[in-house]
Amino acid sequence: MVFTRRPAAVLTAIVAACAMAISLTACTTDANSQDTADDRTTVTSSAPGVVAMFTPSDGITLNQQTPLNKWAKLTPNLTKALTSAGFKKGDISHTTSDSLDKQSRAIQDYVVNHLSGSNTTDDAGIVISPDNITLLVAPVVEADASTRQYGDYVSQELSTADTAEGSDSTDSSDSSNSSDSSDSSTGSDSTDDSSSDASKTVGDSKNAAQAEAVDRLVSSLKLAKESGMHVVLMGNSIKGYKPDAFVRFSDAQAIGKLQAEKIVSKLELSKASKDNPKYIEVLMPYTAVDESGEASDSTFVQEAFRGIWQVLGAYYQKGVVESPSGTLNGNSTEDDWQSVAYDASKEGSTAKVLDARLAKADEHASPTRVDGIIAMNDYIASEVVTELDDLGYTGSAADINPQITISGIVGNITGKKDLSRSDVPDPIKSPEKDDSADSTDSADTQDDSTATDKTDKTKDSQWPLVTGYGAYVSNIPSIVNGKQWMTGIEDRQTLAENIAEACALLNKGQTLTSMSSVRNTEVGGKKEVPTISGPLLAVSASNLKVTLIDPGYISLADAGL
């Protein structure tokens, strides 16, 4: 009995000692002492804490043309902003992944390691508690070639397993109907069936892997939040998941709307009339079929056209804007995106489409008049510029305002002078429609007719406004010389500063209500999510120095100066 009691007594003593040690440790922690049992220090609420960034690896656009809206361009801005906000460089980590599977595993490992205590201190030996850690996560999403031309920040939404299952069942139903239809037909090719089955198997496997990666990501982020960590999603949302904050970058509708609004302002459509309308052509590039041979998701192009039509629709309906090709008219709606959409994945497709839309009446006729072309992104805009030159259009966007010359633009960019602007008068009635002043002098009438004819031909061949998006470095010289009128870009520095401020506030246990750049929106189907956003920057030759060169986004050499 003595021997049986002794182990019990020893166990009791050990438990009591552990309890005392834990109690002392807790007291020490509550008192914010810098010394713990293992001589480590604990971070206090006044310290900024830790930020872990997880972003996609940068994609590659066609012909290596690169937009400035890239993750590799944003992360240095973020790191600089975080250090300015008080974070130590050693407390800022960055992980890139080229797939959602790899990214979800990286985030899972990070969260588990910190919660298990295997990676809870920084280089100075400071213990990092979960509530002093913010995860900045830009979920990896798949984008087709045409979507990648807008850069990496275009907001998309990841579907959860529930949505994926719904899609699978729909696909199964469609496959069943297709199978029934195939059975009722004669002469079906068994080879085609085998190929189709193989493609479906590959697609199903890919969808299953994607669903698994999404589930892993969501589980990891939920575990992080439950432990006290903060989660900020950047760019891409996750259906059904509510983060602590969301950073909204550009979306398709905003990109389309930006270009349409700038066209309206520059062409002064509020002063246009039916008798002298403006001619605007809209190009909506997209990828019709994905790499697996299945129909691509057309949501992006639909939303982009919706943004354009919300601005230009009323002008088409009033008859003060016309489409040279007739693809859009007063009866068109925001659902008629297919009227102006084309498969841009095929080489030379943009040139072919533009050539058809601006076709001359005959080989001796002057070019078809067009005042503006919405090209959507800089890759397409570069092709438009090349084709316009081949079609015989002359001049540049600078000619729309005669007091702004190319030399004046260059002088402004290099800091030598400011631009002076004045409106170009545009008659309410075009010369060919103005019959209000009949002359009795036949000679004068003939001279006037000849002069008018020359004016008309000059007007028809005048270089139009060409818009784009992405601020491709390769396109900047075209913006300087006026061949491409404008492009668009995210205000990276301001966004980075706002994100850094949000991280600091979250790590201190504070809300984001004090931030002017934050408002509550619906994200991934979840309401009241604090959302950081900012207006897109429209860049043209007149403000290129202020928007791109001064902030350090590009150099004078990039602008061809």
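Just so we're clear, the structure is a prediction, and the values are computed from it rather than from any experiment.

(A) Structural detail: the sheet that holds strand E3 (residues 92–97). Strand order in this open sheet of seven strands is E3-E2-E5-E7-E9-E18-E17, and the pairing throughout is mixed. Both edges of this open sheet fall to E3 and strand E17 (518–523), since each of them pairs with a single strand only. With strand direction ignored, the average angle separating the axes of adjacent strands in the sheet is 30 degrees. The sheet contact formed by strand E5 (residues 133–137) and strand E7 (residues 230–234) spans four bridges and is parallel.

(B) Molecular detail of the packing of aromatic side chains. Inspection of the entire model under this criterion finds eight aromatic pairs. On the basis of an interplanar angle of 80 degrees and a centroid distance of 5.8 Å, the ring pair of Phe54 and Tyr110 is categorised as edge-to-face. In this pair, Phe54 is assigned in strand E2 (residues 50–56) and Tyr110 in helix H3 (residues 100–116), connecting sequence segments 56 residues apart. In this structure Phe54 comes out as buried when scored by relative accessible area, which is 2%. Taken together, the ring pairs in this structure connect Trp71, Tyr153 and Phe249 into an aromatic cluster. Looking at Lys318, its charged tip hangs above the ring of Tyr315, at a distance of 5.8 Å from the centre. Here the basic side chain of Lys483 rests over the ring of Trp463, its NZ or CZ set 4.0 Å away from the ring centre.

(C) Region of the structure containing the pairing of E2. Counting buried positions over the seven residues of E2 gives seven, a clear majority of the element. Both E2 and E5 contribute to a ladder of five bridges, which runs parallel. For Met53, the partnering residue across the bridge sits in E5 and is Leu136. Where E2 and E3 come together, six bridges link them in parallel fashion. Bridging from a neighbouring strand, Pro56 pairs with Ser97 of E3.

(D) How the structure looks around helix H8 (residues 299–318). An ideal rise of 1.5 Å per residue puts 28 Å on 20 residues; H8 measures up with 28 Å between its terminal C-alpha atoms. Leu312 marks the point of greatest bend in H8, at about 50 degrees. In the stretch just after H8, Gly319 is the one whose phi turns positive, near 85 degrees.

Thresholds applied
Residues numbered from 1 in each chain as written. Predicted model: local features only at pLDDT ≥ 70, side-chain atom pairs only at ≥ 80, totals over all residues. Heavy atoms only, no water. Pairing = 2+ DSSP bridges. Helix = DSSP H or I, 4+ residues; strand = E, 2+ residues; numbered from the N terminus. Axes fitted to C-alpha atoms, helices over the stretch in contact; angles between N-to-C directions. Phe/Tyr/Trp six-rings, centres within 6.5 Å; stacked < 30°, edge-to-face > 60°. Buried < 20%, exposed > 50% of the residue type's maximum accessible area, 1.4 Å probe, protein only. Lys NZ or Arg CZ within 6 Å of the ring centre and 35° of its normal. Expected span 1.5 Å × (residues − 1). Bend = angle between axes of the 7 residues up to and from the residue.

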